[in-house]
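# Results of the structural survey
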Amino acid sequence: MTTSTRGASRVPAVLVLEDGRAFRGRAYGAVGETFGEAVFSTGMTGYQETLTDPSYHRQVVVMTAPHVGNTGVNDEDPESQRIWVAGYVVRDPARLPSNWRSQRSLDEELERQGVVGISGIDTRALTRHLRERGAMRVGIFSGDAVADEAALLARVKEAPEMVGADLSAEVATKETYVVPAIGTKKFTVAAIDLGIKGMTPHRMAERGIEVHVLPATATLDEVYAVEPDGVFFSNGPGDPATADHPVSVMQGVLERKTPLFGICFGNQILGRALGFGTYKLKYGHRGINQPVQDRTTGKVEVTAHNHGFAVDAPLDKVSDTKFGRAEVSHVCLNDQVVEGLQLLDQPAFSVQYHPEAAAGPHDAAYLFDRFVSLMEGQRA
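### With respect to the pattern of salt bridges
Per the stated rule, a full pass over the model turns up 19 salt bridges. Across the salt bridge formed by Arg133 and Asp19, the nearest N and O atoms sit 3.2 Å from each other. In this pair, Arg133 sits in helix H3 (residues 123–133) while Asp19 sits in the loop between strand S2 (12–17) and strand S3 (22–29), placing the two residues 114 residues apart along the sequence. The closest approach of N and O atoms between Lys197 and Glu356, which form a salt bridge, is 3.0 Å. Of this pair, Lys197 sits in the loop between strand S12 (187–192) and helix H6 (199–205) while Glu356 is found in the loop between strand S21 (348–351) and helix H10 (366–379), placing the two residues 159 residues apart along the sequence. With respect to class, Lys197 is no different from Glu356; both count as buried.

Pasting the structure below:
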């Protein structure tokens, strides 16, 4: 529940975590109440892309960078048609945006879209708490929604957890649409939208790919009705353990040996399709400064992340699966979490991070070229 109120920065607000810790500050954006999973993002730039990333559905995002909103908001940078975060937490919001592309302030945009936020709290202390205790449910309350903390805590504990949440169909397109190739068309790709970011089909279009973006509920027959040269599975929110339909469709693609590429949620889907398990990370990876090693080349990339779940696959050996041999191709250097998978006997691979990274970095853009190479090889 939200209500829009001018002058929200003067309205008191409180953030209550499910373990009982509370932070008091001021309303930022819309005034009211919201619930979600508290997570933190370490990116110092790209807040507009973060807010509009469908993978943040039902999550309350804490920004570790102290100053947020400096460059305002424009209509060119969103990754989707709306803000998806359930709530927004910043320490020191910009008083006035300053950028030649800015069309309005961030707090005005949050208010316009009914996103409840809080400012003026110690986000460093909150981040350290989440690192130590793990991501957890949270509520933000402002204006008339502020009440006794014990009562607010009881409401937070009634909110649904992220484990077991099946969310991809809630954020995906309902109808198929086409992103045309830029320049000469070379390939056709069927992209399963599990929460796709707008920059992803654009990066493929730049490489001469016509992208048919299909709903998360698309069947295998619907995928092959577009006569694809390759199939792509996107990022998205929720627990991959619930994604039985996308897993089934991907297994059908693997059986046909069509070139396949997955990003983020798509990586977890590939893991499940190959028979690996998935698990929830303590506090996840979110931000644009995560070091990942491509084990096929030894190269270390600075990468953009947004995931709270990971694939449970062995790092030290090649695994035998029903679709041939598979191995971990990328690994996070901070904690050795699986960041990529590839099949050795057919053209299929995935990564856990975001090579499209509209706000940067662009170290991993070559992965789209790798996908193109697989389709070229299959055609040859």
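Back to the text.
### As for unusual backbone geometry
A positive phi is found at Arg58, a non-glycine position, where the angle reads about 70°. Judged by relative accessible area, which is 23%, Arg58 ranks as partly exposed. For Cys264, which is not glycine, the phi dihedral falls at a positive 60°. Tracing the backbone shows Cys264 in the loop between strand S15 (260–263) and helix H9 (265–273). Judged by relative accessible area, which is 2%, Cys264 ranks as buried.

### Topic: a positive patch on the surface
A contiguous patch of positive charge on the surface is contributed by Arg91, Arg124, Arg128, Arg131 and Lys282. Looking at the positive patch, the element that brings in the most residues is H3, giving three residues. Residue classification places Arg124 among the exposed positions, given a relative accessible area of 61%.

Reading guide: rules and limits
- Residues numbered from 1 in each chain as written.
- Predicted model: local features only at pLDDT ≥ 70, side-chain atom pairs only at ≥ 80, totals over all residues.
- Heavy atoms only, no water.
- Salt bridge = Lys/Arg side-chain N within 4 Å of Asp/Glu carboxyl O.
- Helix = DSSP H or I, 4+ residues; strand = E, 2+ residues; numbered from the N terminus.
- Buried < 20%, exposed > 50% of the residue type's maximum accessible area, 1.4 Å probe, protein only.
- Patch = residues over 30% accessible without salt bridge, like charges linked within 9 Å, V, L, I, M, F, W, Y side chains within 5 Å.
- Areas by Shrake-Rupley, 256 points an atom, 1.4 Å probe, with all protein chains shown as cover.
- Lys, Arg positive; Asp, Glu negative; His and termini not counted.
- Charge placed at Lys NZ, Arg CZ, Asp CG, Glu CD.

Nothing here speaks to function; it is geometry throughout.
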